[in-house]
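# Descriptive structure summary
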Amino acid sequence: MTYNDCSIMSEDPTDHRQTITRTLSILENINDATPISKIKLQRLRIFWIRPVRNYEFKPLKRKYRQCFIKEKEIFDNCFDSSVVLEMSRGRLNLHHQSGIMDISQLQKDYRVFKMKAVTSKVFIFLSTTISSTDVVEYSRKSFEEFLLNSFEICQTHSDGFEKIMEEVI
Amino acid sequence: MIIIANMDISRFETKLEFSEETRVITPAQAVIQRIGTKDISELEKPHEPGARIRDEKLKLAIL
């Protein structure tokens, strides 16, 4: 058996520090069983979901497209009804994708999401990805630093995005 | 008026890509057990017919 990469996914995480600790523990177990070689890509991707009430899907999608695809020039590209933005911060790359999602898409793509507790039918989604392509030796400490640093960037980006959404919509 | 609730993290993904293909000599089942992502009792369930009979004499009796 051979392998080139390793992905660990947590759905509905309640505590990001706990999720990072659990991810690192799983990687330690993998490293014990099959030593991890040099790494050419480290990546953290976080999906944010925000329920929107008192707004129908189509009008909100139209407004989002109008604001972020037709009027704003800060976004690099659009894919279907979502916008894409690429940025660099030091040796890290940030990829932003956001858009409007209805409940059926949400149920399909986020099966663990607690739907019973949510009454909204429309959601704003945001995916932020931080990646580094430096070739490095794997170590728990350095990957933990990467995850904590990347999470902070994702959180700051998410807060900024939330403010923009509140002003625009 | 639009009402927006708090933004929640729905999914948290990490990925590592290795610069060289890693060959694993440990049997796949042992790796999965070590990683601990699945219930070991489920993995230990024998799948081949007749494998539940661990007693060699009983095995011979059914052949």
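Above this note sits the structure.
Presented here is an overview of the structure given in this document.

On to the pairing of strand 5 (residues 92-102) of chain A, then. Residue and element names in this part refer to chain A. Across the 11 residues that make up strand 5, a large majority, 8, are buried. Strand direction decides the pairing type here: strand 4 (residues 82-89) and strand 5, joined by 7 bridges, are antiparallel. Considered in strand 5, the bridge of Arg-89 is made with Leu-92. Linking strand 4 to strand 5, which pair antiparallel, is a turn of 2 residues; within it Gly-90 sits at a positive phi near 60°. Where strand 5 lies against strand 6 (residues 122-132), 10 bridges are found, and the strand directions are antiparallel. For Ile-100, the partnering residue across the bridge sits in strand 6 and is Ile-124.

In this structure the tally under the stated criterion is 6 salt bridges over all chains. A salt bridge links Arg-43 of chain A to Glu-13 of chain B; its shortest N-O distance comes to 4.0 Å. In this pair, Arg-43 of chain A sits in strand 2 (residues 39-53) while Glu-13 of chain B sits in strand 2 (residues 8-23), so the two residues belong to two different chains. With respect to burial, Arg-43 of chain A and Glu-13 of chain B carry one shared label: buried. Across the pair Glu-162 of chain A and Arg-50 of chain A runs a salt bridge whose closest N-O atoms are separated by 2.6 Å. Of this pair, Glu-162 of chain A sits in helix 4 (residues 140-168) while Arg-50 of chain A sits in strand 2, placing them 112 residues apart in sequence. The exposure classification of Glu-162 of chain A matches that of Arg-50 of chain A, with both residues buried.

The rules behind each value
- Residues numbered from 1 in each chain as written.
- Chains lettered and ligands numbered in written order.
- Predicted model: local features only at pLDDT ≥ 70, side-chain atom pairs only at ≥ 80, totals over all residues.
- Heavy atoms only, no water.
- Buried < 20%, exposed > 50% of the residue type's maximum accessible area, 1.4 Å probe, protein only.
- Helix = DSSP H or I, 4+ residues; strand = E, 2+ residues; numbered from the N terminus.
- Pairing = 2+ DSSP bridges.
- Salt bridge = Lys/Arg side-chain N within 4 Å of Asp/Glu carboxyl O.

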